[in-house]
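Okay, here's what each chain looks like letter by letter:
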Amino acid sequence: MSTIPDSFHDLFQKKAFAQLATIMKDGTPQVTPVWFDFDGTHVVINSAKGRTKDRNMRRNPNVAISIQDPDAPYRHLALRGKVVDITENGADAHIDKLAKKYIGKDVYPNRRPGEVRVIYKIMPEQIFTKV
């Protein structure tokens, strides 16, 4: 386990997007921009059950994330880690919290009928920073 440096905690308050890399069934990488937050230990993301990144993280918990500072594009945080928890509990409230942060909406507006939201907690194992 690695700890995210305090000097980069501000990235979790900004409207920065994370680039999440997961591993496809054939071993090739798949990268998706995602909303995220931080619980003090884990990088936390939210997606819908059945999407490509959901299937990939359930099959192989190894991921990489890159977060670029929207105010200083050469400053970034990258990490490699593992998905250590996958849960539907609290996922609807979590996507609403992220919608408030990213688009100023109290309720996530892009939910599809029957969609099941999922929270993924990612434990950083290696961290790379650039100021």
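Whatever comes next refers back to the structure up there.
No experiment lies behind these values; they were computed from the predicted model shown.

What counts and what doesn't
Residues numbered from 1 in each chain as written. Predicted model: local features only at pLDDT ≥ 70, side-chain atom pairs only at ≥ 80, totals over all residues. Heavy atoms only, no water. Pairing = 2+ DSSP bridges. Helix = DSSP H or I, 4+ residues; strand = E, 2+ residues; numbered from the N terminus. Axes fitted to C-alpha atoms, helices over the stretch in contact; angles between N-to-C directions. Contact = heavy atoms within 4.5 Å. 1 Å grid on protein atoms, 1.4 Å probe; cavity = no way out; pocket = protein on both sides within 12 Å on 5 of 7 lines; lining within 4 Å. Points joined across faces, edges and corners; volume = space filled by probe spheres on them. Expected span 1.5 Å × (residues − 1). Buried < 20%, exposed > 50% of the residue type's maximum accessible area, 1.4 Å probe, protein only. Core = buried A, V, L, I, M, F, W, Y, C linked by side-chain atoms within 4.5 Å. Salt bridge = Lys/Arg side-chain N within 4 Å of Asp/Glu carboxyl O.

1. Digging into the sheet that holds strand β7 (residues 117-130)
Ordered in space as β2-β1-β5-β6-β7-β4-β3, the seven strands form an open sheet in which the pairing is antiparallel. Of all the strands in the sheet, just β2 (29-34) and β3 (36-38) have a single pairing partner and so form its edges. Across the sheet, the mean angle separating the axes of adjacent strands is 30 degrees when strand polarity is ignored. Summarising the sheet, strand β4 (residues 43-48) and β7 pair through six bridges and their orientation is antiparallel. Residue pairing across strands places V44 opposite K121, the latter belonging to β7. Contacts from helix α1 (residues 52-59) reach β1 (18-23), β2, β4, β5 (62-68), β6 (76-87) and β7 within the one sheet, and its direction differs from that of β1 by about 55 degrees.

2. With respect to the layout of surface pockets
Reported here for the largest pocket is a volume of approximately 190 Å³. Lining the largest pocket are F17, P33, V34, W35, N46, S47, R51, K53, I95, L98, Y108 and R117. Of all the elements in the fold, those that place two or more residues in the lining of the largest pocket are β2, β4 and α2 (91-103).

3. Focus on α2
Between its first and last C-alpha, α2 extends 18 Å over 13 residues, near the 18 Å set by a 1.5 Å rise per residue. When we look at burial in α2, the residues that qualify are A91, H94, I95, D96, L98, A99, K101 and Y102. Of the residues one or two after α2, G104 is the one with positive phi, at around 70 degrees.

4. Points about the nonpolar core
Counting residues in each nonpolar core, the largest one holds 28 residues, and the members touching the most others are F36, V43, I67 and I122. The dominant element in this core, judged by the number of residues it contributes, is α2, at four residues. Residues in contact with F36, not counting those within four places in the same chain, are L11, F12, A16, F17, A18, V43, V44, I45, I67, L98, K101 and Y102.

5. Quick notes on the pattern of salt bridges
Pairing between side chains of opposite charge can happen when their charged atoms approach one another. Enumeration according to the criterion identifies 14 salt bridges in this entry. Here K14 and D69 are joined by a salt bridge, their closest N and O atoms 2.8 Å apart. Highlighted residues: K14 in the segment before β1 and D69 in the loop between β5 and β6, separated in sequence by 55 residues. Comparing K14 with D69, the two get one shared label, buried. With a shortest N-O distance of 2.7 Å, R58 and D54 are connected by a salt bridge. With R58 and D54 both in helix α1 and four residues apart, the pair spans about one turn of that helix. We classify D54 as buried; its relative accessible area is 2%. Salt bridges sharing common partners tie together D10, K14, D69, D71 and R75.

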